[in-house]
Amino acid sequence: MNWCQTTGTCVATALAMSLFSGSSAGQQKSLRDQLVGTWTLVSHQSVSMYGANPNGVAFFDAGGRFIITVIRSDRAKYATNHPAKGTDEENRATAQGAMTYFGTYTVNEADRSIAIHIEASSFPNWSGTDQTRIVAIDGDRLTLTARALGGSADVVWQRAK
C-alpha cells in the first residue's frame, strides 16, 4: 500500500469518526423537535362529533405556531354549491362536523405536554383560551390527549410523508 492510500484511508476514517461523534446519533431528540412537522389524522376518540372516519391535519412549526383541523368525512354537499348560501340545516351540519383552531404552543419537556394558546377557533368559546395537551410520540405516531369540554379524548396522528 502506498503512502497516499494509507493517508487517504486515515483521513477518511478520522473525518467519519469526527462526524459521528459530533452528530446526534444515539441522542434522544427533544419533544419539541419530534413534534415539529405535519401530521395526518389516524383516529379521534370523539367519534360522535366527527363520524366514523374523520379527516384531519395538524401542523406544528419550529417557531411555536400550530394549526389543527378535524372534519367529518361524511358531510353532505350544499345544494347551492356556494359556501355562504347554505341552508340552516347545511350550516348546522358544517358547524357540528368540523373543528379547526390555531395559535401558539410551548413544550414542557418534563411532563411531556404542550401548552397551547388558541388565537381563533371554529368553536368561538375556545378563541383566546389556553389549553394543555399531553403528548406521546412513538416513531411516526403522535397521540395528543386533550382534556376539554368536560372530558378527555385521545387524538392519534401519523407523520405525513
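Everything below is about the structure shown above.
Summarised in this report is the structure supplied together with it. All values derive from a computational prediction rather than experimental measurement. (Residues numbered from 1 in each chain as written. Predicted model: local features only at pLDDT ≥ 70, side-chain atom pairs only at ≥ 80, totals over all residues. Heavy atoms only, no water.)

Quick word on the overall build of the protein
Spelled out, the test is: Strands are runs of DSSP state E lasting at least 2 residues, helices are runs of H or I lasting at least 4, and numbering of each runs from the N terminus. A simple rule labels every residue: compare its accessible area, found with a 1.4 Å probe on the protein chains alone, to the largest value its type can have, and call it buried under 20%, exposed over 50%, or partly exposed in between. Throughout, a residue-residue contact means that at least one pair of heavy atoms, one from each residue, lies within 4.5 Å. Here the open area of atoms and residues is found with the Shrake-Rupley method and a 1.4 Å probe, where only the protein chains shown may cover a residue.
Along the backbone of the protein there are four helices and eight strands. Counting from the amino terminus, helix and strand elements in the protein follow one another as α-α-β-α-β-β-α-β-β-β-β-β. Out of the 161 residues belonging to the protein, those deemed buried represent 27%. Taking the contacts inside the protein whose residues are at least 6 apart along the sequence as the reference set, 45% of them involve residues at least 24 apart. Roughly 10200 Å² of accessible area belongs to the protein as shown, and the carbon and sulfur atoms make up 57% of that amount.

Details of the environment of tyrosine 105
With respect to the element layout, tyrosine 105 can be found in strand S4 (residues 98–108). Tyrosine 105 sits in the buried class, given a relative accessible area of 3%. Linking tyrosine 105 and isoleucine 67, residues 38 residues apart in sequence, is a C-alpha distance of 10.0 Å. Not counting residues within four places of it along the chain, the set of residues in contact with tyrosine 105 comprises Arg32, Leu35, Val36, Phe60, Asp61, Gly64, Arg65, Phe66, Ile114, Ala115 and Ile116.

Considerations on the nonpolar core
It is characteristic of soluble globular proteins that their nonpolar side chains tend to be buried jointly. Just so we agree on the cut-off: What makes a nonpolar core is a set of buried Ala, Val, Leu, Ile, Met, Phe, Trp, Tyr and Cys residues whose side-chain atoms join them at distances within 4.5 Å.
Core analysis: the biggest nonpolar cluster contains 23 residues, and Phe60, Ile68, Leu142 and Trp157 have the highest contact counts within it. Leave out the neighbours within four places in its chain, and phenylalanine 60 touches Leu35, Val36, Gly37, Trp39, Arg65, Phe66, Ile68, Tyr105, Ile114, Leu142 and Leu144.

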